[in-house]
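# Residue-level structural notes
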Amino acid sequence: MSSQNPLLRLGVLVSGTGSNLQAIIDAIESQQLPGVEIALVVSNKADAYGLQRALKHDIPAIYLPWEQRPVGAQFIAPEIIAPKLAISESESRLTTLHHLFQVDLIVLAGWMRILSAAFLEQFPQHVINIHPALLPDDGKGSTFTTKNGIQIPVFRGLHAVRQALDAGVKITGSCVHFVTPEVDSGPVICREEVVIEEGDTEETLHERLKIVEHRLIVKAVESFKVLHEPA
Ligand code: GRF
């Protein structure tokens, strides 16, 4: 993949099916994201379909085994701030890859591993994530006010879709936000609300959220590019 005048090189991190990665690939191929290219795709899972998607489009795709360490516990308690541990070996490899492939923006597209504060410090405001729930503008706090003025809890961490269903809220959504050491708590770039329908299951709701996400991720990359364009 290459564009004539690539200005923004993405490193996309996936752990699963990679439908959001596909949305970016499609947007680039249909000229919706001029001056953007995907420099590489990295997965912590060898069998992630996202890797296959990348290879089908001649994008370098790398399986990077990820060492587990206690920060994984934050999936259970997302309000805990990622401890400022030294960069792990996996993160150090990831850093090297991003420098090697001259990545300008790291996109977490269904990446299921916590990145440490020490790792993130290397790429301030240059790592974005897609989250399947609504976060406030600054990413902080425990409530979100919808466009219709309804206050709902903020759902962070794993299973945000299920959390919304369990809480019985009528509206949820997805957003793209900057990644900070606190899990799912960084400033929001763009978001869309989605109505929860009677009889929705985690699967049906997540599918509808993903349709929205595919628009949002393209919009977020575009906004980032505009923001970083040389004057
Ligand atoms: C998305 O729903 C995203 O919000 C969450 O993980 C899911 C990834 O889906 N972080 P896919 O792998 O892009 O299909």
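Residues numbered from 1 in each chain as written. Predicted model: local features only at pLDDT ≥ 70, side-chain atom pairs only at ≥ 80, totals over all residues. Heavy atoms only, no water.

Looking only at helices and strands, the protein chain has six helices and nine strands in total. Going through the 231 residues of the protein chain one by one, you find that 50% of them count as buried. Considering only contacts within the protein chain whose residues lie at least 6 apart along the sequence, 67% involve residues at least 24 apart. When the accessible surface of the protein chain is split by element, carbon and sulfur atoms take 54% of a total near 11,000 Å². (Helix = DSSP H or I, 4+ residues; strand = E, 2+ residues; numbered from the N terminus. Buried < 20%, exposed > 50% of the residue type's maximum accessible area, 1.4 Å probe, protein only. Contact = heavy atoms within 4.5 Å. Areas by Shrake-Rupley, 256 points an atom, 1.4 Å probe, with all protein chains shown as cover.)

All right, on to the site of the ligand then. With respect to spatial proximity, the complete set of residues near the ligand consists of T17, G18, S19, N20, G110, I130, H131, P132, H206, K210 and E213. Between the ligand and T17 there is a distance of 2.7 Å, counted from an oxygen atom to a side-chain nitrogen or oxygen. Among the secondary structure elements, those contributing two or more residues to the shell around the ligand are α1 (19–29), β5 (127–131) and α6 (202–228). Class assignment for the residues of the shell around the ligand results in two nonpolar, seven polar and two charged. (Near = heavy atom within 4 Å. Polar contact = N/O pair within 3.5 Å; in protein donor to acceptor, adjacent residues only side chain to side chain. Nonpolar A, V, L, I, M, F, W, Y, C, P; charged D, E, K, R; others polar.)

With 50 residues, the main nonpolar core has L10, V12, I38 and V107 as its most contacted residues. In contact with V107, not counting residues within four places along its chain, are L10, G11, V12, L13, I24, I128, I217 and V221. Grouped together as the second largest cluster of nonpolar side chains are 18 residues, L13, L94, V103 and I106 included. (Core = buried A, V, L, I, M, F, W, Y, C linked by side-chain atoms within 4.5 Å.)

It is worth spelling out the pairing of strand β2 (residues 36–43) at this point. Among the eight residues in β2, eight count as buried, and that is most of the element. Where strand β1 (residues 8–14) lies against β2, seven bridges are found, and the strand directions are parallel. Counted as the bridge partner of L8 is V36 from β2. Once the chain exits β1 it traverses α1 before rejoining the sheet at β2, and the crossover so formed is right-handed. Looking at chain direction, β2 and strand β3 (residues 61–63) are connected through three bridges and run parallel. What sits directly across from S43, in β3, is Y63. (Pairing = 2+ DSSP bridges. Right-handed = clockwise from strand over helix to strand, strands pointing away.)

Among all positions of helix α2 (residues 49–56), only G50, L51, R53 and A54 are buried. Around the axis of α2, the buried residues are gathered within 160° of arc, so they sit on the same side. Among the structural elements, β1, α1, β2 and β3 are those in contact with the buried residues of α2. Just downstream of α2, D58 is the residue with a positive phi angle, here 60°. (Arc of directions from axis to C-beta.)

Turning to unusual backbone geometry, a few remarks are in order. As a rule of thumb, non-glycine residues mostly have phi less than zero, and peptide bonds are mostly trans rather than cis. A positive phi angle, near 50°, is found at Q102, a position not held by glycine. For Q102, the position within the fold is in the loop between α3 (89–100) and β4 (105–108). Unusually for a residue other than glycine, D184 sits at a positive phi of about 50°.

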